[in-house]
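# Observations on the three-dimensional arrangement
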Amino acid sequence: MIDYFVKFWQGLFTILIGMKVTFRHLFVPAVTIQYPSVKPQLPERERNRLYVNMDDCIGCDQCARACPVNCIEIETVKSLPDEDLGKTSNGKKKALWVTKFNIDFAKCCYCQLCVFPCPTECIYMTDVYEFSEFRRENLLYDFVTLLPEERAQKKENYEELQVKKEAEKLAAAKKAAEEKAAAQKEKLETKPIDPSSENKEEKK
Amino acid sequence: MMYDWLYNLTGSSILAMFIVSLLPLFVFILPFALLAVLAERKVSAHMQDRLGPMRVGYHGILQTIADILKLLQKEDLVATATDKTLFNFAPLLVFIGSYAAFAVIPFSGFFIGSDINLGIIFIVGITGLVVAGILMAGWASNNKYSLLGAMRSAAQIISYEIPTLLIILTVIMLTGTLSLYDLSEMQTAYFWNWLILGGPAVGIEKILLIPLMIMGCLIIYTSTLAEVNRTPFDIPEAESELVSGYHTEYSGMKFAMFFLAEYANMFAVSAIVAVIFFGGYQSPFGYLGNTLGLPWLIPIEQFFWFTSKGLFFVFVQMWLRWTLPRFRVDQLMAFCWKYLIPISFVILLLVGLITLI
């Protein structure tokens, strides 16, 4: 009989304790973060979308080689000897035009391995994580700052230079061969002393 | 009274009756259901340290309206194996049962739908329609879960009606009236005249009555909570066991009817507790209208007090819902038959003895 009343009282009392707890929580500030309007504080070294600062990129291709999923594609073109590409922020001389620097974020695994080998620290992780797209193609990011015409032009310039160099080389080779031939001729002709050779020397 | 006033205003008894009967629905139940659904979600969220709906309107106040619009647009699905007539009629019956109870609830001294002298018994009787509706819904759905939910609901409501009725009987014995209007009028003036504090009795009788009345109040609150199928007594719609109980198969506006009926019922039982034990529409400490000499202010004040009492008990229902886990079926029955009914019998007996003194 006593047990019956004890049970009854305990039931009532424990309900009141429970109600006290829930009532207190009514005034505890919510832990909800209203996501799109309020953003959570991310850790300092979070890894999200990569960014490439093309002003500093020397086109060394080390990031592309470090990438475990091959999501970075780089193409470079040598600059003309008379072009000055400037220096990177840590004093390295730039010698290459980067005509292609594509990162496919659909492939990227955000491992940050490309960041460490970079000699100029131009590729790094940003805090941008909202870049979802409806089409996978839109995740292919092109970081090159040159216009498409400019890229074509750089390539053309280089090819022209190559052609020119080749021509010069050819010309130089020809000249060298001619000179060689001439020298040999001269050698042959030196035995009988010729006044014409003196004339040649005067012309020079 | 509202009816007489409207009769004088319109000159037509039919029109006046029509307005009086529709008034609780449009002025009270619908806005209350809209607010209560939102309040339920907000209260539950804040009790769990969340925020709840925040997007639609300021702090999500228009969320229920958006939900209602969504429900209105939904397809009215009726499975082929259902008993169509009963299936379509059940939500209506449940709603009628809970809405009819509002006919005798005194919102203020000025507005009672119908001041019949069988008030409380009418409420208890008419809410029996809800059981029928729920059983119909469960049977007509032709679904195991629905039927199980409906059976549990019927068993639960019938069991818990006994302690409710015993406490009501106690109060009837004490006050000698069944009319909710007379009950409210009896507890007038100050809060120590409320029945929870012994009513208008004086001296030793009042002191003896206070603990019994507090116990009675707790019992009637618990058993009416069980009658409206709310947590911790929500085994008829226990979503972790029975999907959604008797309204599993319902969609769109029919589902909304069940929902509306549940919230209307919540207020109805809160109102019963408020009327019986907490003075109904009476203010706890006199009226401002009396002090200022503005008689037209009194009904408005009474309406204010009644709704605040009702809403407070609705809040306690929500509070309990987010505090207590669900009962098991055997626990539910044991709680009713082993604890509530014997104790209410003892209260009935003791109050009977006290009235003899």
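Residues numbered from 1 in each chain as written. Chains lettered and ligands numbered in written order. Predicted model: local features only at pLDDT ≥ 70, side-chain atom pairs only at ≥ 80, totals over all residues.

## A word on the packing of helix H6 (residues 128-140) of chain B against helix H7 (residues 144-175) of chain B
Residue and element names in this part refer to chain B. Between H6 and H7, whose axes approach to 7 Å, the crossing angle comes to 160°. The orientation of H6 relative to H7 falls into the category roughly antiparallel. In this structure, H6 meets H7 at a crossing whose hand is left-handed. Residues Val131, Ile134, Leu135, Ala137, Gly138 and Trp139 of H6 lie in contact with H7, whose contacting residues are Ser146, Leu147, Gly149, Ala150, Met151, Ser153, Ala154 and Ile157. (Axes fitted to C-alpha atoms, helices over the stretch in contact; angles between N-to-C directions. Helix = DSSP H or I, 4+ residues; strand = E, 2+ residues; numbered from the N terminus. Parallel < 35°, antiparallel > 145°, perpendicular 65-115°, else oblique. Left-handed = near helix turned anticlockwise from the far one by under 90°. Contact = placed C-beta atoms within 7 Å.)

## Re the nonpolar core
Val94(B), Leu260(B), Tyr263(B), Ala264(B), Ala268(B), Val273(B) and Ile276(B) are the most contacted members of the largest nonpolar core, which totals 92 residues. It is helix H11 (residues 252-277) of chain B that contributes the most residues to this core, 19 residues altogether. When sequence neighbours within four positions are dropped, the list of residues in contact with Ala268(B) reads Ser98(B), Ala101(B), Phe102(B) and Ile105(B). The next biggest cluster of nonpolar side chains, apart from the first, holds 15 residues, and it includes Leu50(A), Cys57(A), Cys63(A) and Cys114(A). (Core = buried A, V, L, I, M, F, W, Y, C linked by C-beta atoms within 7 Å. Buried ≥ 20, exposed ≤ 12 C-beta atoms within 10 Å, placed from the backbone.)

## Focus on the interface of chain B and chain A
Tallying the contact residues gives 11 residues for chain B and 13 residues for chain A. Among the residues making up the side of chain B that touches chain A, the classes are represented as seven nonpolar, two polar and two charged. (Nonpolar A, V, L, I, M, F, W, Y, C, P; charged D, E, K, R; others polar.)

## What to know about helix H13 (residues 297-321) of chain B
Residues and elements named next belong to chain B. Over its 25 residues, H13 extends 36 Å from the first C-alpha to the last, a length consistent with the 36 Å expected when each residue adds 1.5 Å. When H13 is considered as a whole, its buried residues turn out to be Glu301, Gln302, Trp305, Phe306, Lys309, Gly310, Phe313, Val314, Gln317, Met318, Leu320 and Arg321. Among the structural elements, helix H2 (13-47), helix H9 (204-227), H11 and helix H12 (288-292) are those in contact with the buried residues of H13. (Expected span 1.5 Å × (residues − 1).)

## Points about the domain arrangement of chain A
All names here are of chain A. Here chain A is partitioned into domain 1 (50-145) and domain 2 (147-186). For domain 1 versus domain 2, the distance between C-alpha centres works out to 33 Å. On the side of domain 2, six residues touch domain 1, which itself brings six residues to the contact. The set of elements that each furnish at least two residues to the side of domain 1 that touches domain 2 consists of strand S2 (72-78) and strand S3 (96-104). (Domains from an automatic or database assignment.)

## Some thoughts on H11(B)
Residue and element names in this part refer to chain B. Helix length check: H11 (26 residues) gives 38 Å between terminal C-alpha atoms against 38 Å at 1.5 Å per residue, within 8%. A large share of H11 lies buried, amounting to 23 of its 26 residues. Backbone geometry just after H11 places glycine 279 at a positive phi near 75°.

## Some words on the environment of Leu166(B)
All names here are of chain B. Mapped onto the fold, leucine 166 is located in helix H7. Owing to 21 C-beta atoms within 10 Å, leucine 166 belongs among the buried residues under this scheme. Along the primary structure leucine 166 and valine 228 are separated by 62 residues, whereas in three dimensions their C-alpha atoms are 18 Å apart. Each residue touching leucine 166, except ones within four places of it in the same chain, is listed here: Ser344, Phe345 and Leu348.

## Quick word on the sheet that holds strand S5 (residues 140-142) of chain A
Residues and elements named next belong to chain A. The three strands are arranged S2-S3-S5 in an open sheet whose pairing can be described as antiparallel. Single-partner strands in this sheet number two, and they are S2 and S5. Geometrically, the sheet is characterised by an average inter-axis angle of 15° between neighbouring strands, direction not taken into account. Bridge analysis of S2 against S3 gives seven bridges, and the strand direction is antiparallel. Each residue of the ladder has a partner; that of isoleucine 72, found in S3, is isoleucine 103. (Pairing = 2+ DSSP bridges.)

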